[in-house]
Amino acid sequence: MQVWTGSGTWSRPSGVRYIKVCVCGSGGGGSGHGESGGAGGYAEEVINVTSISSVGITIGGRGGPSYYSGAGGNGGSSSFGPYVSAGGGYGANRNNQHSGGVSGSGSGGSLNIHTGGGGNHHQRTGYGGSSFWGGNTAGGHPQGGQFTYNHRNH
């Protein structure tokens, strides 16, 4: 098994005919008023690689946080060449003020998942959208000031 946390190039080992690829997009950023970003999408596929020698891998970066009622940054898309990809989650407040971000979705796989959206201002828990792999850090209580921004690296 190989795990990629940054972009690079996959090279087919000798004798390998099939691989299972799992791709997850990055989550969107939260806002300092308790809204949280959507989770990145997810896709997986078994690929016949007998005629493939290498594939470029792209790993999207996380969406940046925002102060108070600003919009959080969108998460980046991740992909295994042109075969399988997953879109990043949208940042909080991108669609509406005091709203959680919409999630990303997978494409190109035999399993493509549109994952969980982020929590809104009125939810009062502020948890980010749950991906195929689980949830993320809390977005903070609405009266918590800049909680999300201050804890952006969690």
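Residues numbered from 1 in each chain as written. Predicted model: local features only at pLDDT ≥ 70, side-chain atom pairs only at ≥ 80, totals over all residues. Heavy atoms only, no water.

Draft legend 1. Representation of the sheet that holds strand β6 (residues 84-86). Here we have five strands laid out as an open sheet, ordered β1-β4-β5-β6-β7, and antiparallel in their pairing. Among the strands making up the open sheet, the edge pair consists of β1 (8-11) and β7 (106-107). Taken together, the three bridges between strand β5 (residues 78-80) and β6 define a ladder with antiparallel strand orientation. Paired with S78 across the bridge in β6 is A86. (Pairing = 2+ DSSP bridges. Helix = DSSP H or I, 4+ residues; strand = E, 2+ residues; numbered from the N terminus.)

Draft legend 2. A look at the sheet that holds strand β3 (residues 42-48). One open sheet accounts for three strands, arranged β2-β3-β8; its pairing is antiparallel. Where the open sheet ends on each side, the last strands, each with one partner, are β2 (18-24) and β8 (111-113). Here the average twist between neighbouring strands, direction ignored, is 15°. Note: β2 against β3, seven bridges, orientation antiparallel. Note on β3: the bridge partner recorded for K20 is V46. (Axes fitted to C-alpha atoms, helices over the stretch in contact; angles between N-to-C directions.)

Draft legend 3. Molecular detail of the packing of aromatic side chains. According to the stated counting rule, one finds two aromatic pairs in the structure shown. Where F80 meets Y83, the ring centres are 6.3 Å apart and the plane angle is 45°; that geometry is what we call tilted. Among the residues examined, F80 registers a relative accessible area of 6% and is labelled buried. Assessed through its relative accessible area of 32%, Y83 is described here as partly exposed. (Phe/Tyr/Trp six-rings, centres within 6.5 Å; stacked < 30°, edge-to-face > 60°. Buried < 20%, exposed > 50% of the residue type's maximum accessible area, 1.4 Å probe, protein only.)

Draft legend 4. Looking closely at unusual backbone geometry. A positive phi angle, close to 65°, is found at N93, a residue other than glycine. Mapped onto the secondary structure, N93 falls in the loop between β6 and β7. For N93, a relative accessible area of 10% corresponds to the buried category.

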